[in-house]
Each structure stands twice: as structure tokens, then as C-alpha cells.
There are 2 protein chains.
Amino acid sequence: MQLTVFPAPTSPTANLDHGHDHGGCRTKALQTAEQLCNNRGVRLTPMRRQVLELIWESHRAIKAYDLLDRIKPTTGTAKPATVYRALDFLLEQGLIHKVESLNAFIGCSFSDHQHQQLLLTCIRCLEVEERPAAGVMEAIDRELEQAAFIIHHKAIEIHGICIRCAKHPPITATI
Amino acid sequence: MQLTVFPAPTSPTANLDHGHDHGGCRTKALQTAEQLCNNRGVRLTPMRRQVLELIWESHRAIKAYDLLDRIKPTTGTAKPATVYRALDFLLEQGLIHKVESLNAFIGCSFSDHQHQQLLLTCIRCLEVEERPAAGVMEAIDRELEQAAFIIHHKAIEIHGICIRCAKHPPITATI
DNA sequence: TGCCGATATGTTATATAGTAGCATATCTGC
DNA sequence: GCAGATATGCTACTATATAACATATCGGCA
């Protein structure tokens, strides 16, 4: 029998995402969020901020109920609505994306300028990469013009193997 | 107060999808499905066929539990697993698509050749149009080559207003 | 500064979506 | 017509998401 073992995803709290210093990502994202909310006159409350922080703990998409579990120790009382309301706010402000095909959420790396990127989810390490992909967006605009379809929202989600995982093939053992 | 009233979606059983004779679509889709399954040596059982027929009753995406409600009168006993198993089979065979952003399913119009199309969902009439969109697919392939991302599956979902609904503006009343 | 309306969160309950695991039935090849 | 494979029945459960109303907090203004 052949067993294919993928490396387990790193723990949600470890800054191990493929070796980059993720603390920098998170700090920058939170600063940008504060600024954006200030400029817009909307409130990044402690609850909303905490959810955003948790989402930014890694580049893996996180599920609403996992966020809930992480919040409970702090609040003691958090319920689904608490999390979903924070998520709704963050989505409205373009600070996070929902990965529809995973029912999960990731921080938006381009919250201060571009939205509606390609979302590349690695089925091995579960990290999601966001790519503005101008060429793809233009091709879609052309296609929709032909179809005379007036766009409101795009979700472009690709699942596959990222370059880092492709370079570190899974351990294969015969038992 | 301004009230914007969109025309209600036509009933699931009516062949009224924007005026085209939908019976033809359905019949053709079912014939293609029978052929494909025969060629592949897989079984389009009565249950699976019924689910496919129900999905093809319109061009609107249908939810698993709505399918379940439609099946119950016939079988008396259908449970979620019954429907989900049929859906899994139809997805595997490429006879239907899941619209991830709706948690709903539509028949595939290109089951005998192309897969992984653009799915255009009209937020007014709720119909889903499938478009192969070669230009978009090429642009995505180029982008993924740059990212060195090995693709397994695409979900490209656009929400907006279709050409037919754009031509029939909603009734607007002041109350 | 303390009151008011607006915004945000707490709380309970429920709706919607999907899966696990084992029993039973049906099909297909021999 | 029997055996193994495939499909469905069935029970229970897990996961995802929202509704509706109560309470708390914020921020402007009398």
C-alpha cells in the first residue's frame, strides 16, 4: 500500500508560513485597517479588530467557527452572531475576503487599493495567495461586455499546488 | 420611501425562463447524460436521473434541500444523503456544476466537451449562464504560469444583471 | 455633563448545509 | 442463482449562518 503524507499545516499561531516573517504582514494589515476606518468614519471596534488580527495570524483561510473558538477564551460569551457581524463589517470595508469554495476567510492584502483578485488556494499547505491579475480581469471585462452582463461582484477561486509545496514533494512511504 | 420591486423568479416548474423553450434544453441534456454514462460504464440510476431532471427544470441554480423537497413526494423517504450522493455523482461526471457562492447547483451545458466555465449569475432573475470564455481561461493559465501554481480546479463566479433583466427594468414605486 | 439617538454587542433560538456509519437493496458478472 | 460490488435507506450528527429582540456603548448636542 502506498501512503502519501502531506506535511501538516503549521499551527494557527506559529509564524511559520513558508518561512516568511509573517508578523510584518499582520502589523501592516492592521495599521492599514485602522487608517482606512478612520478615513471612512467607521469604527474598528475591539471585537472587529480582534477578528481581523486572528484572520491575519496566517495566510491560511480560517472558518467562522474556528474564529469563534479562538475568541471565546477572551470574551467567555461569544456566539456565532458575534463573529459573523464582525466578518460582515470587515467584508463591507474590503479588509477581508470570503473564500466561497471553502466557507472561510482571509485578510485582504490590497485593502487600500484593489479588490476582487484571484484567490489561489494551495490544497497542500492551505495558504491562500491573492493576485490582482490585471490580464485576467481585463479578459473577464471583455467577456462580460460581449455577454452584455453588468457585473456586481466577482469570485475567482483556483485550487491547486503552490510553488513552495511543489518544491517540497510529500513524503511517500510503502507500508 | 422608494420601493424597488424585481419581477419574482418564475416557478421552478414553469418553462418560462426568459421566454425560450426550455424543454429542449432539458431533453438534450438528459440524452447527453445517458450517452456519456453509457460510454463511461457508469450508471445513471433513476434517483440520479431524477435529480438531474429537477436541476434542469430551469436555468436557475437549485439548492440541495430544495431538490430534497421536490424528491420527497416521489420517494416518500428521501433524506439529505440521498440527494448529496446523487449530486456527488453528477459533479464527478461533469454533468452539473456547483455554484460555490450560492451553495446551489446547475446543469452543465457543455458536459460532453468543455468544463470549468465562467458562471454568470443574475441577481435579479437568478438564472445562471455558463460561458467557456476561452480568453479568460488563457489569461488565467498565463497568470498561474507566472505564479508557478499547478491548477487542480477553478471556480469563476460572477454576480450581476443579465442582458434580459437589464432590458426590463424593475418596477419602481413611491409609497 | 447628562440625555438622546445611533451603532454595536449579547442572547436565544432556529434555519440551512453537509457528512458519518452502518443496514438493506439492487445490479452485474460469473 | 450466487457473490461481490455498487447504490440507496436510515439514523444521527456536525457544520455554517441568520433572525429577532434585549442590552450596552458611543458620540453629538442641549
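Residues numbered from 1 in each chain as written. Chains lettered and ligands numbered in written order. Predicted model: local features only at pLDDT ≥ 70, side-chain atom pairs only at ≥ 80, totals over all residues. Heavy atoms only, no water.

## Remarks on the protein's contact with DNA strand C
Every one of the 17 residues lining DNA strand C counts as a neighbour, but T45 and R85 of chain A together with K63, Y65 and K98 of chain B are closest to it. Residue R48 of chain A places a side-chain N or O atom 3.0 Å away from a phosphate oxygen belonging to DNA strand C. A distance of 2.8 Å separates a phosphate oxygen of DNA strand C from a polar atom in the side chain of Y84 of chain B. The residue makeup of the surface near DNA strand C, split by class, is five nonpolar, four polar and eight charged. (Near = heavy atom within 4 Å. Polar contact = N/O pair within 3.5 Å; in protein donor to acceptor, adjacent residues only side chain to side chain. Nonpolar A, V, L, I, M, F, W, Y, C, P; charged D, E, K, R; others polar.)

## Things to note about the protein's contact with DNA strand D
Residues in close proximity to DNA strand D total 18 residues, the closest being K63, Y65 and K98 of chain A together with T45 and R85 of chain B. When the atoms of DNA strand D within 4 Å of the protein are sorted by group, sugar and phosphate make up 50%. Side-chain polar atom of T45 of chain B to a phosphate oxygen of DNA strand D: 2.5 Å apart, as the coordinates give it. In the model, a phosphate oxygen of DNA strand D is placed 3.0 Å from a nitrogen or oxygen of the R48 of chain B side chain. Only helix 4 (80–92) of chain A together with helix 2 (46–55) and helix 4 (80–92) of chain B provide two or more residues apiece to the surface near DNA strand D. Residue contributions to the surface near DNA strand D peak at four residues, all from helix 4 of chain A. Its residues placed into classes, the surface near DNA strand D shows six nonpolar, four polar and eight charged. (Helix = DSSP H or I, 4+ residues; strand = E, 2+ residues; numbered from the N terminus.)

## Observations concerning the relation of the copies chain A and chain B
With an axial shift of 0.0 Å and an RMSD of 0.0 Å, the rotation relating chain A to chain B amounts to 180°. What we have between these two chains is a two-fold relation. Closest approach to the rotation axis within chain A is made by the C-alpha atom of I156 of chain A, at a distance of 2.2 Å. A symmetric contact is evident, with 100% of the interface residues of chain A recurring at the interface of chain B. (Least-squares fit on C-alpha atoms with pLDDT ≥ 70 in both. Contact = heavy atoms within 4.5 Å.)

## Concerning the interface of chain A and chain B
At the interface, 34 residues of chain A touch 34 residues of chain B. On the chain A side of the interface with chain B, the three residues burying the most area are E143, F149 and I158 of chain A, jointly 19% of the side's total. Across the pair R131 of chain B and E143 of chain A runs a salt bridge, and its minimum N-O distance is 2.6 Å. Between chain A and chain B we count 10 residue pairs in polar contact (both at pLDDT 80 or more) in total. (Buried area = accessible area lost by both parts, 1.4 Å probe. Salt bridge = Lys/Arg side-chain N within 4 Å of Asp/Glu carboxyl O.)

## Side note on the sheet that holds strand 4 (residues 118–122) of chain B
The six strands lie next to each other as 5(A)-4(A)-6(A)-6(B)-4(B)-5(B), forming an open sheet whose pairing is mixed. A single partner strand is all that each edge strand has here, and the edge strands are strand 5 (128–131) of chain A together with strand 5 (128–131) of chain B. The average undirected angle you get between the axes of adjacent strands in this sheet is 20°. Of the strands in this sheet, strand 4 (118–122) and strand 6 (150–161) of chain A together with strand 4, strand 5 and strand 6 (150–161) of chain B are in contact with helix 5 (residues 134–147) of chain A, which crosses strand 6 of chain A at around 135°. Running over the sheet, helix 5 (residues 134–147) of chain B touches strand 4, strand 5 and strand 6 of chain A together with strand 4 and strand 6 of chain B and is turned about 135° from strand 6 of chain B. (Pairing = 2+ DSSP bridges. Axes fitted to C-alpha atoms, helices over the stretch in contact; angles between N-to-C directions.)

## Regarding helix 5 of chain B
Look at helix 5 of chain B: 20 Å from first C-alpha to last across 14 residues, which is about the 20 Å you get at 1.5 Å a residue. At the C-terminal side of helix 5 of chain B, A148 of chain B shows a positive phi close to 55°. (Expected span 1.5 Å × (residues − 1).)

## Here we look at the confidence of the model for chain A
This prediction gives chain A a mean pLDDT of 87; 85% of its residues lie at or above 70. Across residues 6–16 of chain A, confidence stays below pLDDT 50; counting only partners more than four residues off in sequence or on other chains, it has 20 contacts. (pLDDT = per-residue confidence, 0-100.)

## Quick notes on the pairing of strand 3 (residues 104–107) of chain B
All names here are of chain B. Because side chains alternate across strand 3, one face comprises the buried residues A104 and I106, and the other comprises F105 and G107, equally buried. Relative to strand 3, strand 2 (residues 96–99) runs antiparallel, the two being bridged by four bridges. When the sheet's bridge partners are listed, K98 is paired in strand 3 with F105. Remark: four residues form the turn of the hairpin made by strand 2 and strand 3, two consecutive strands paired antiparallel; N103 in that turn has positive phi of roughly 50°. (Buried < 20%, exposed > 50% of the residue type's maximum accessible area, 1.4 Å probe, protein only.)

## Observations regarding the pattern of salt bridges
Pairing between side chains of opposite charge can happen when their charged atoms approach one another. All names here are of chain A. Evaluated as defined, the whole model comprises 14 salt bridges over all chains. Close ionic contact of R49 with E34 constitutes a salt bridge, the shortest N to O distance being 2.1 Å. Of this pair, R49 sits in helix 2 (residues 46–55) while E34 sits in helix 1 (residues 22–40), placing them 15 residues apart in sequence. By relative accessible area, which is 25% here, R49 ends up partly exposed. The exposure class of E34 is partly exposed, given its relative accessible area of 32%. The structure contains a network of salt bridges with shared partners spanning E34, R49 and E53.

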